[in-house]
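Inside the fold
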Amino acid sequence: MKETRMLQVAVIGCGYFGTNHARIYEKLPNALLMAVCDRNRAMADELAALINSGRSEEEERCRAFYDAEEMLRELGDELDACSVAVSEHYHYDAARPVIEAGKALLIEKPIAQDGATADRIMELVGKHKTRMMVGQVLKFDPKYQIMAQKIENGDFGEVTNMYLERSSTNGVPRRLSGAISMYHYMGVHDFEAMLTFAGSARPVKVYAQAVDKVNGAFNRDRAVNEGDATFNTITFDNGTIAVIHLFWAHASESLGFVARAHVFGTKATGYIDIKSPGLEIYEEDRLTEYPELTYWPEFNGEIQGALKAELLHFCEATLSGKPYIVNNERAVLAVKVIDACRESLKTGMPVML
Ligand SMILES: NC(=O)c1ccc[n+]([C@@H]2O[C@H](COP(=O)([O-])OP(=O)(O)OC[C@H]3O[C@@H](n4cnc5c(N)ncnc54)[C@H](O)[C@@H]3O)[C@@H](O)[C@H]2O)c1
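Now for a quick tour of the structure. (Residues numbered from 1 in each chain as written. Predicted model: local features only at pLDDT ≥ 70, side-chain atom pairs only at ≥ 80, totals over all residues. Heavy atoms only, no water.)

With that settled, the discussion passes to the state of the cysteines. Two cysteines whose sulfur atoms are joined by a covalent bond form what is called a disulfide. Applying the stated criterion to the full structure yields zero disulfides. Not part of a disulfide, C37 finds its nearest cysteine sulfur in C14, a span of 6.8 Å. Note on C37: relative accessible area 3%, which makes it buried. Unpaired in this structure, C62 has its nearest cysteine sulfur neighbour in C14, at a distance of 8.1 Å. Given a relative accessible area of 5%, C62 falls into the buried group. (Disulfide = S-S within 2.5 Å. Buried < 20%, exposed > 50% of the residue type's maximum accessible area, 1.4 Å probe, protein only.)

Encoded structure:
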């Protein structure tokens, strides 16, 4: 059998998503998970124990660290790459030591909580000539990617207008207790997809409106009241218009997560609709279940789907030196368009980019 080199990785941030990254790396054929790291010691210890469970003491490979700089110093050349899956506001703090140590970096979306911080991360990557990929998971969803490819091939003619929606129950804002923006948690996926579908057209103007009826307690403490729902109208330099509709207060818990993208071109129309990806379960006295099958579904004892494909691609491209398929500049622009939408909510006026 051919011997292949494995990418030696660590995961920084051991919360909900860092746990997914660690569990996936642990099963990938081209990755060796060397360590997990969280400022919250219990989180790091718990995740390392989960990864090492079922192994003898000698076989335990995954170490727990509580400080990224210390981890990078101690592991040195044993580490090739890191995933950063810390809370949105700490992306720069966690990414900086990884970039300065010259390791490849997979940084979760949004690259940062504002455009200026995103620029600082990009500058650091440029200065240290390291590799980075932003974890825009829609890049690994065949629905969004096939639509993007057809647009790029010219099959849509000119894209003239589009509508993208992402919505969830208010379980999400309640869990986040107002700490994270709806735009950063959910919307950045659609802003990045919109920019992909728009091709070379550049966004020049945004106007955003919000309504606040359900989650008021969480909304009103924010620097910008994003409400329960926002409509964001984006105008491009070629005249294309787009609406991004975000909403996180579905009354029914059955509607855990809904996403749509409708793209209208001069030669074609494309619809993406994610509510039921093909499996619906109706049980006596239970809410209807639409299990999520695309992004990180779990079956056959491991996490599958787009997130696994994303991490596999990150490992393969890092090992081979091939380019990553995520366009980091576009991920940064998505955050800057979001900044403009939040500014528009604050001022009640359109904002020029
Ligand atoms: N791709 C997706 O669709 C998707 C889905 C969910 C979350 N995410 C992203 O994953 C990231 C993490 O989200 P989450 O829901 O797992 O958050 P979380 O709050 O569950 O976990 C974040 C962890 O990071 C730790 N942390 C913060 N700063 C740190 C630092 N400097 N060093 C070490 N640890 C640090 C915290 O202690 C916490 O345990 C966010 O960027 C989020 O947007 C992406």
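Once the structure has been displayed, the description carries forward.
With that settled, the discussion passes to the packing of aromatic side chains. Throughout the structure, instances matching the rule amount to eight aromatic pairs. With a centroid separation of 6.0 Å and an interplanar angle of 55°, the aromatic rings of Y183 and F191 are classed as tilted. Considered together, Y183 and F191 belong to a single accessibility category, that of buried residues. Ring geometry for F257 against Y295: centres 6.2 Å apart, planes inclined by 80°, an arrangement best described as edge-to-face. One end of the pair, F257, is in strand β11 (residues 257–265); the other, Y295, is in the loop between β12 (269–274) and β13 (298–299), and 38 residues separate them in sequence. In this structure an aromatic cluster arises from ring pairing among Y16, F17, F257, Y295 and W296. (Phe/Tyr/Trp six-rings, centres within 6.5 Å; stacked < 30°, edge-to-face > 60°. Helix = DSSP H or I, 4+ residues; strand = E, 2+ residues; numbered from the N terminus.)

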